[in-house]
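Architecture at a glance
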Amino acid sequence: MSAKIIAGEADIAAVPTNLAAILYNRGIPIQLAAITNWGVMYVIGRDSTITTWPELKGKEIGVTGKGSTPDLLFRYFLSANGLDPEIDLQIRYYPSPAELAQLVIAGKVSLATLPEPWVTEALARDPDLKVLLDYQTEWTRLEQRNESYPQSALVVKTQLAAENPALVRAFLNAAAESNRWVVSQPAAAGCLAEKYLFISAAAATEAIPRCNLRLVAAHQVQPEIEYFLEKLYSFQPQSIGRKIPDAGFYLPE
C-alpha cells in the first residue's frame, strides 16, 4: 500500500494513521481525510485471573509488529502501570496476527496481543480463551480522553482533493454510510467479510462490535489525532516520521 501511495497509483487509501503521518512527512502529496476506526487491539488468553495490566508481571506474551503502533501502545500501557517491558515480563514477537492467533488456538502461546478480527477467530475456535485486557479502554483511562485512539484512516491524493473535491466528498459520504451499515448489520457484513477478507462469517459478525468502527472527517477530530501522534512521537519519533505533521496534513472541510 505504501508503495502504491508513493508511486501515485492510489488516489484514496486506507492506512494506519501513523503511516499517513510518515508518508506526509516524507513529502508524499496526501492529506488525511477521515478516521475509520478507534482501536481494535486486545490481550487474550486462558488465564482469567488477569484482569489488570500489572498482573502481566512475570508472564510471557506474544506480540506482532515490533515497533508498530500496537507494540508501542502495549509497552506504554505496561510502563504506565509500573512494569518495565524489558525486565518484568517476556515479550516474544511473531510475524503476523494470523500466525500468532493460530499458535494461541493450538495452545503454544498462552497470552497474546491481537487485533480484531483475529481475536474473535481465536475465541470461536477455543471457548477457554477470553479477552483479558482492552487497549481502547486503557487508553481512555490513562489519557482521560473521551475518544479512544484514532488507529486507522483514509488518505487522499492532494491533487485529487484540489481538482475534484466533489468526488472526494461523495466518496467520504458513501464510506461513512458503509461504515454505519457494517455496524448496524453485522451478520450481513460478516458474509461479505467471509467472501472478501478470508475470515469466517460467524467470526466477523462477532468481531464487528469490537472493531470500534466510526468514520469521522479528520478535521472534526483533529485534536484527537494530534494528541495521538504527539504521544507516539514521545515514544518513538520515527513512528510518525520524526515530526508532528503541520496543518496541511488535514483535508479541510
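Residues numbered from 1 in each chain as written. Predicted model: local features only at pLDDT ≥ 70, side-chain atom pairs only at ≥ 80, totals over all residues. Heavy atoms only, no water.

Here we look at the packing of helix α8 (residues 165-184) against helix α9 (residues 186-196)
Here is the rule: Axis definition: a line fit to C-alpha positions, over the contact stretch in the case of helices; interaxial angles, taken between N-to-C directions, run 0 to 180 degrees. The numbering of helices and of strands both runs from the N terminus, where a helix is a DSSP run of H or I of at least 4 residues and a strand a run of E of at least 2. Every angle not falling under 35 degrees, over 145, or within 65 to 115 is termed oblique; those three ranges are roughly parallel, roughly antiparallel and roughly perpendicular. Throughout, a residue-residue contact means that at least one pair of heavy atoms, one from each residue, lies within 4.5 Å. Polarity classes work like this: nonpolar for Ala, Val, Leu, Ile, Met, Phe, Trp, Tyr, Cys and Pro, charged for Asp, Glu, Lys and Arg, and polar for all others, with Gly in that last group.
As a packed pair, α8 and α9 sit with axes 5 Å apart at the nearest point and diverge in direction by 105 degrees. Overall, the two elements α8 and α9 adopt an arrangement that is roughly perpendicular. In this structure, α8 uses W181, V182, V183 and S184 to contact α9, whose residues at the interface are P186, A188, A189 and L192. Looking at the contact of α8 with α9 residue by residue, the class counts come to seven nonpolar, one polar and no charged.

A few points about a nonpolar patch on the surface
Where we set the bar: Distance thresholds for patches are 9 Å for like charges and 5 Å for nonpolar side chains (Val, Leu, Ile, Met, Phe, Trp, Tyr), applied to residues having over 30% relative accessible area and no salt bridge. Values of accessible area rely on a 1.4 Å probe in the Shrake-Rupley scheme; residue burial ignores everything except the protein chains shown. Whenever Lys or Arg places a side-chain nitrogen within 4 Å of a carboxyl oxygen from Asp or Glu, that contact is recorded as a salt bridge.
Taken together, the side chains of W181, L192, Y196 and L197 present a nonpolar region at the surface, about 440 Å² in accessible area. Structurally, W181 can be placed in helix α8.

Notes on the side chain of Q31
By secondary structure assignment, the location of Q31 is in strand β2 (residues 30-37). Excluding its chain neighbours within four sequence positions, the residues that come into contact with Q31 are L154, V155, V156, T158, A161, G248, F249, Y250, L251 and P252.

Some points on the side chain of T69
Inspection of the secondary structure puts T69 in helix α3 (residues 69-80). Excluding residues that lie within four positions of it along the chain, T69 makes contacts with N18, F228 and L232.

Describing the layout of surface pockets
Any empty space left between the atoms is revealed when a probe the size of a water molecule rolls over them. Heads up, the rule is: Site definitions follow a grid-based scheme: protein atoms alone, a 1 Å grid, a 1.4 Å probe that fits but cannot get out for cavities, and for pockets an open set with protein on both sides within 12 Å along at least five of seven lines, plus lining residues having an atom within 4 Å of a point. Grid points are joined across faces, edges and corners, and a volume is the space filled by probe spheres set on the points. The start and end points of each domain follow an automatic or database-based domain assignment.
Approximately 1,200 Å³ is the volume found for the largest pocket. Taken together, 43 residues form the lining of the largest pocket, with N37, V40, E116, S152 and L213 sitting closest to its centre. Counted by class, the lining of the largest pocket contains 30 nonpolar, 12 polar and one charged residues. Both domains that meet at the lining of the largest pocket, namely domain 1 (2-38 + 150-237 + 244-249) and domain 2 (41-143), each give it at least three residues. In this structure, the second largest pocket occupies an estimated 380 Å³ of space.

Describing the nonpolar core
So the rule is basically this: Side-chain atoms within 4.5 Å link the members of a nonpolar core, which is a set of buried Ala, Val, Leu, Ile, Met, Phe, Trp, Tyr and Cys residues. Only protein chains enter the area calculation, which uses a 1.4 Å probe; residues under 20% of their type maximum are buried, those over 50% are exposed, and those in between are partly exposed.
Counting residues in each nonpolar core, the largest one holds 47 residues, and the members touching the most others are I5, L32, W53, L56, F74 and Y135. For this core, the element with the highest residue contribution is α3, accounting for six residues. Each of domain 1 (2-38 + 150-237 + 244-249) and domain 2 (41-143) contributes no fewer than three residues to this core. Sequence-distant contacts of F74, that is, excluding residues within four places in its chain, are made with V43, W53, L56, I61, V63, L89, I91, T113 and Y135. Core analysis: the second largest hydrophobic core is formed by 13 residues, Y42, I44, A101 and L114 among them.

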